[in-house]
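# Close look at the chain arrangement
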Amino acid sequence: MLALLLLSIIISSSATSGLSAIKSTSMTMNQQHQHQRDAAAYQDFVSSAVDFSGCYVRNGFVTATRSVRDIDTNSRRSFVYNIPLVSPSLAAPPMELSAKIKARIPSPSGDKLAVLVEESVPSDIEGKGQDTKRHVMEIWTNKGHQLAKRIVLPSTIHGPVCTDFAWFGGISWSPDETALVYSAEVNKPKTASYFAVSSKEDDKEDDETIVGGQYTLGVGKKEDWGEKYGTTALLALFCLNVSTGKIGAVENVPACTNTASQTTDGNHVLGQPIFSPCGQAVVYTGWDAGGGGDMPRRLGAICCYHRPCQIYSSPVSQLLKTLEIDTTEDEDETVADDNFVCITPNDRLSRSPRFSSPSDGVAKLAYLSHTKGFDTHNGCMALHTSDWCMSKGSVVDGSKKVVVDVVTLPGERGDGETISGLKFPGLFLNQLSDRCFSPDGKFILTSSQWGSVVRVVSISLDDGSVTPLKFDMRDGDNRNDAEPSQQFVCFTDDGGAIVTQSECNYPTMLGSLPSSFLTDAKGGISSQVLAELPSAATSSFSPSSAGPCFKAGSGFSYKIMNILPEHGDVKVDVSSILLLPDDAGNEKLPLIVVPHGGPHSATPTSFVPSYGYLCQHGKYAVLHVNFRGSTGFGQAALESLAGNAGTQDVLDVVAATRAAIDTGVIDPERVGICGGSHGGFLAAHLSGQHPDLFKVASMRNPCINIASMVTATDIPDWCYVETLGIGKYEWDNFRAPSKEENDKMWDNSPIAHLENVKAPTLVALGMKDRRVPPSQGLEYFHSLRAKSLPTKLLVYEDCDHAIDRVVSEADFWINTKQWFDKHL
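Quick caveat: nothing in here was measured; it's all calculated off a predicted structure.

## Digging into the environment of Ile274
Along the chain, the position of Ile274 falls in strand β15 (residues 268–275). In sequence terms Ile274 and Val181 are 93 residues apart; their C-alpha atoms lie 7.0 Å from each other.

## A word on the nonpolar core
Formed by 83 residues in total, the largest nonpolar core has its most connected members in Leu153, Phe168, Leu180, Tyr182, Leu383, Leu445 and Phe517. Among residues more than four places away in sequence, those in contact with Phe517 are Leu445, Leu469, Phe491, Gly495, Gly496, Ala497 and Ile525. Grouped together as the second largest cluster of nonpolar side chains are 57 residues, Val650, Ala656, Ala659 and Ile673 included.

## With respect to the environment of Asp692
Relative to the elements of secondary structure, Asp692 occurs in the loop between α8 (678–689) and β38 (696–700). Given the relative accessible area of 57%, Asp692 is considered exposed. Residues Asp692 and Pro668, 24 residues apart in the sequence, show an inter-C-alpha distance of 9.9 Å. Within the local environment of Asp692, its side chain forms a polar contact with the side chain of Lys758, the two groups lying 2.6 Å apart.

## Details of the packing of aromatic side chains
All chains considered together, the criterion is met by 22 aromatic pairs. Their ring planes at 75 degrees and their centres at 5.3 Å tell us that Tyr611 and Trp813 sit as a pair that is edge-to-face. Of the two residues, Tyr611 sits in helix α5 (residues 609–617) while Trp813 sits in helix α13 (residues 806–823), which places them 202 residues apart along the sequence. For the pair Tyr611 and Trp813, a shared accessibility class is recorded, and that class is buried. These aromatic residues form a ring-pair network of at least three members: Trp167, Phe168, Trp225, Tyr229, Trp287 and Tyr305. When the ring centre of Trp731 is taken as origin, the NZ or CZ atom of Arg348, which lies over that ring, is 5.8 Å away.

## A word on the state of the cysteines
What the rule picks out here adds up to zero disulfides. Cys389 provides the cysteine sulfur closest to Cys278, a residue in no disulfide bond, and the two sulfurs are 8.2 Å apart.

## Structural notes on helix α7 (residues 648–661)
Given 3.6 residues per turn, any residue in an α-helix points the same way as the ones three and four places further on. For α7, spanning 14 residues, the distance from its first C-alpha to its last is 20 Å, which sits close to the expected 20 Å at 1.5 Å a residue. Among the 14 residues of α7, eleven are classified as buried, and the element is accordingly described as predominantly covered. Among all positions of α7, only Gln648, Asp649, Val650, Asp652, Val653, Val654, Ala656, Thr657, Ala659, Ala660 and Ile661 are buried. Lining the buried residues of α7 we find β33 (556–563), β34 (574–581), β35 (589–595), β36 (621–626), β37 (666–676) and α8.

## What about the packing of helix α10 (residues 716–724) against helix α11 (residues 739–747)?
Running from N to C, α10 and α11 cross one another at 75 degrees; their axes reach a closest spacing of 10 Å. It follows from the interaxial angle that α10 and α11 lie roughly perpendicular. Contacts between α10 and α11 involve Cys719, Tyr720, Thr723 and Leu724 from the first element and Glu741, Lys744 and Met745 from the second. Here the contact of α10 with α11 is built from residues that sort into four nonpolar, one polar and two charged.

## Brief notes about empty space enclosed by the protein
Taken as a whole and judged by the stated rule, the model has six cavities of 30 Å³ or more. As a volume, the largest cavity reaches approximately 70 Å³.

## Some thoughts on the packing of α5 against α13
Close contact between α5 and α13 brings their axes to 11 Å; oriented N to C, the two are set at 30 degrees. The angle between α5 and α13 places the two elements in the roughly parallel class. Considering only the axes of α5 and α13, their crossing is right-handed. Counting all contacts with α5, which are made through Ser610, Tyr611, Tyr613, Leu614 and His617, the residues of α13 involved are Trp813, Ile814 and Lys817. Residues belonging to the contact of α5 with α13 are distributed by class as follows: five nonpolar, two polar and one charged.

## With respect to the sheet that holds strand β31 (residues 506–513)
Pairing between the strands of a sheet comes from backbone hydrogen bonds, and it takes one of two forms, parallel or antiparallel. Taken together, the four strands give an open sheet; going across it, the order is β29-β30-β31-β32, and neighbouring strands pair in antiparallel fashion. For this open sheet the edge positions go to β29 (485–491) and β32 (528–531), each flanked by a neighbour on one side alone. Strand-to-strand twist of the sheet, defined as the mean angle between neighbouring strand axes without regard to direction, takes the value 35 degrees.

## So, the confidence of the model for the protein
Considering every residue of the protein, the mean pLDDT works out to 89; 90% of them sit at 70 or more. Contacts from residues 1–23, a stretch scored under 50 in pLDDT, to residues over four places away or in other chains number zero contacts. In the predicted structure, residues 257–261 sits below a pLDDT of 50 and forms 19 contacts with residues beyond four places in sequence or in another chain.

## Quick look at the pattern of salt bridges
Per the counting criterion, the structure on display carries 36 salt bridges. Between Lys695 and Glu669 there is a salt bridge; the shortest N-O distance is 3.2 Å. With Lys695 in the loop between α8 and β38 and Glu669 in strand β37, this pair connects stretches of sequence that are 26 residues apart. Residue Glu669 is classed as exposed on the basis of its relative accessible area of 54%. Between Asp714 and Arg771 there is a salt bridge; the shortest N-O distance is 2.8 Å. A residue pair is termed long-range when its members are at least 10 positions apart, and Asp714 in the loop between α9 (706–709) and α10 and Arg771 in the loop between β39 (761–766) and α12 (774–786) qualify at 57 residues. The same class applies to Asp714 and to Arg771, which are both buried.

## So, the environment of Ser356
Locating Ser356 in the fold gives a position in the loop between β19 (349–355) and β20 (362–370). On a C-alpha basis, the gap between Ser356 and Ile444 in space is 9.3 Å, while along the polypeptide they are 88 residues apart. Those residues within four positions of Ser356 in sequence are excluded, and the remaining contacts are Pro277, Ala363, Lys364 and Phe437. At 2.8 Å, the side chain of Ser356 and the backbone nitrogen of Lys364 are in polar contact.

## What to know about the pairing of strand β7 (residues 132–141)
Judged from the nine bridges that link them, strand β6 (residues 113–121) and β7 form a sheet pairing that is antiparallel. Residue Val121 lies in a different strand from β7, and its bridge partner there is Thr132. Pairing of β7 with strand β8 (residues 146–153) involves seven bridges; the strand directions are antiparallel. Paired with Val136 across the bridge in β8 is Val152. Connecting the antiparallel pair β7 and β8 is a turn made up of four residues, with Asn142 showing a positive phi of about 55 degrees.

What counts and how
Along every chain, residues carry numbers that run from 1 in the direction the sequence is written. The predicted nature of this model means local features are confined to residues of pLDDT at least 70 and side-chain atom pairs, given and counted, to a pLDDT of 80 or more, with totals for whole chains, interfaces and linings taken over all residues. With hydrogens and water stripped out, all remaining heavy atoms of the structure feed into the side-chain values. Helix and strand labels come from DSSP, where a helix needs a run of H or I of at least four residues and a strand needs a run of E of at least two; each type is numbered from the N terminus. In this text, buried Ala, Val, Leu, Ile, Met, Phe, Trp, Tyr and Cys residues form a nonpolar core when linked through side-chain atoms within 4.5 Å. The classification of residues rests on relative accessible area computed with a 1.4 Å probe and restricted to protein chains. Under 20% of the type maximum is buried, over 50% is exposed, and intermediate values are partly exposed. Note on contacts: a residue pair qualifies if any of its non-hydrogen atoms lie within 4.5 Å across the two residues. Pairs of N or O atoms within 3.5 Å make up the polar contacts considered here, provided that, within protein, one atom can donate a hydrogen while the other can accept it, and that residues adjacent in sequence are counted only when both atoms are side-chain atoms. Stacked, tilted and edge-to-face are the three classes assigned to paired rings of Phe, Tyr and Trp, where Trp is represented by its six-membered ring and a pair needs centres within 6.5 Å; plane angles under 30 degrees give stacked, over 60 edge-to-face, the rest tilted. Any Lys NZ or Arg CZ that is within 6 Å of a ring centre and within 35 degrees of that ring's normal is treated as a charge sitting over the ring. The disulfide definition used here is simple: a pair of cysteine sulfur atoms within 2.5 Å. For a helix, the expected span equals 1.5 Å multiplied by the residue count minus one. Interaxial angles span 0 to 180 degrees and are taken between N-to-C directions of axes, which are lines fitted to C-alpha atoms, for helices over the stretch in contact. For classification, angles of less than 35 degrees are called roughly parallel, those exceeding 145 degrees roughly antiparallel, those between 65 and 115 degrees roughly perpendicular, and all remaining angles oblique. Basically, the charged four are Asp, Glu, Lys and Arg, the nonpolar ten are Ala, Val, Leu, Ile, Met, Phe, Trp, Tyr, Cys and Pro, and anything else, Gly included, counts as polar. In this analysis a 1.4 Å probe is tested at points of a 1 Å grid over the protein atoms alone, and where it fits but cannot get out there is a cavity; an open set with protein on both sides within 12 Å along at least five of seven lines is a pocket; lining residues have an atom within 4 Å of a point. Grid points are joined across faces, edges and corners, and a volume is the space filled by probe spheres set on the points. In this scheme, a crossing is called left-handed if the near helix is turned counterclockwise away from the far one by less than a right angle; it is called right-handed if the turn is clockwise. Here a strand pair is declared whenever DSSP counts at least two bridges between the two strands. For every residue, the predictor states its confidence as a pLDDT score lying anywhere from 0 to 100. We define a salt bridge as a side-chain nitrogen of Lys or Arg found within 4 Å of a carboxyl oxygen belonging to Asp or Glu.

Written out as structure tokens, the structure is:
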């Protein structure tokens, strides 16, 4: 009997174990299939993204460079498209750009093309112990078909050329196409160990060498500009003659940063250089790098558009003459150019100089400016112009004009026209386009954030009127509720315009406007699609069960929602963009709320593959909230957040979320929060302050404890301004906060609400982040895990603040989708 009982137990146990194994195997296979479906869908969305850069028009063609993610190699590939303006087509296949090519700059006439190449030189050629890198400027002639000259840019003259064309960098042709001006890193002083032994042949060099300076900041170690700018310290200007190949430093500049001496401290960073139309001068932007007295330490530059800068002009006629001569025999007798001139001495912020074509001996110089400047990291800019005398090669005294001033509240300027219910909020942009002047010099075209969209606007230089251009590249789809975001690229030779258009559910298209568009600006403008690029495979991963997921214009829809909150002193709409999957039926949807980072930025109605992936593939409603403090809603609304971070922005997001729930399509019991940087700061705040509304959280590099971040971040000014208010950061001083300030920073931090958090939380950290140190997210993760909350930490060793390396970005968004699947 006992034997039979034992046998029965063994059989029962084996059967139970077998069933568990079958279930476990089935679950594992289901999970594996889900992973494959999620990865394939994500790949489909990012393959559909069209990220343009370097667009220009020459010789009847639009040349555009498309950046494509390559998951297999964890990199981005670049492809160049040449599209004819007449009978546009993609008949010719794109050409892949080598990663060695750092810039392609066409000359004004289109006959020449400057190509900046970074190449490795084998050690046996250089005669050194290891391979070295160098920059070479290639000059292509005959409309870019013939490689006429290769000019090595010697490392003895300067460091790497700055190719950050979104901010510091710039390469520009002279009007006669004989020279280039560019910005490059200043070489640091020569240093040597205390124990280095020199030979007699090195005596002259030893006189210039700083012994023991290898590890000294400002000598052997450069003080850089923080996040994303770890290799940028001081930039100077250089001119290159494309025929002789000679290079010369522009030395008549603020603080003369060009000659490496005993230090890299102080002085100015010089960038955004352009030649004047007369060719006698270069005009450029100079950022205070300590030379102006307001910079005891260099603060972070990326996404910080309030760093003090002014526009300067330096005559270069004599320098250019010197570079025209092949021999160096008579250079000592060369007459020096006159000293530089600060064109904007009374403006704290001035940048992005641009010239019109000359007429009657005068050209227009336009630039962005904010006379008083602002403490927040972004703000509304004014458009200023000055007259440039062609014969004298300088600005005409007294010719400065404020064409469009800073706008405090929407509608206080402009003709009352509205976009998405919002009157003109002012100009919110970082740079003007290279060719922004109309051919007749009467208008400037630019793109500007206008509420939750980006629109192309025409600005009259006569009366300063700002007119948003009304066109729609998809007008054949009979849409009345479309809110696309559009960008101006440049003018064509016949006075038309090259533009782009994107929507939340439609990748970027390249198009053109006819030459009559300026006269038709107040009415509807016809537009032509030049290119609607197909998807580009991002990976060799191709599971047999996965088919195409995304089709442009379908799968999910979007709409803009505006509410006027009751709280706060500045009464401006809080605008949100609600994404909804198409096939939801009558079932109420889970919602993922996404406040943006910054905080002084905005989410426009543009295609972002990760959010389309969450919406269409994940079947989530997605709500982008442009809380007060965002760009595009006037300067007063933007500055209203200063001193109120963690309160006003939190209430704005809550109000927008409740408005979305009130539409009747959202399940109020399934609301999650997702954000990065300041968006992560808000995700943590909302989890703690409103734990019954926000049930799940995902955050990237969140700011958690401002008091412990303030002296470790590259933007300590953010900690003071956003928690204490405008005027509370001492720009000419660097110090730790006082006890009272520390207390306020703690109170404004998410860590103050930790005890209330109930949401399962996913935390992703870029371990090279210099903006929000990884210790912030680690502090939060360990604190939540101590509470026994479901918590997961993603660690990306090679990523910085953005977590934008291709594989890491993909990993984060797939993890985020699955985290919400599990907990929401």
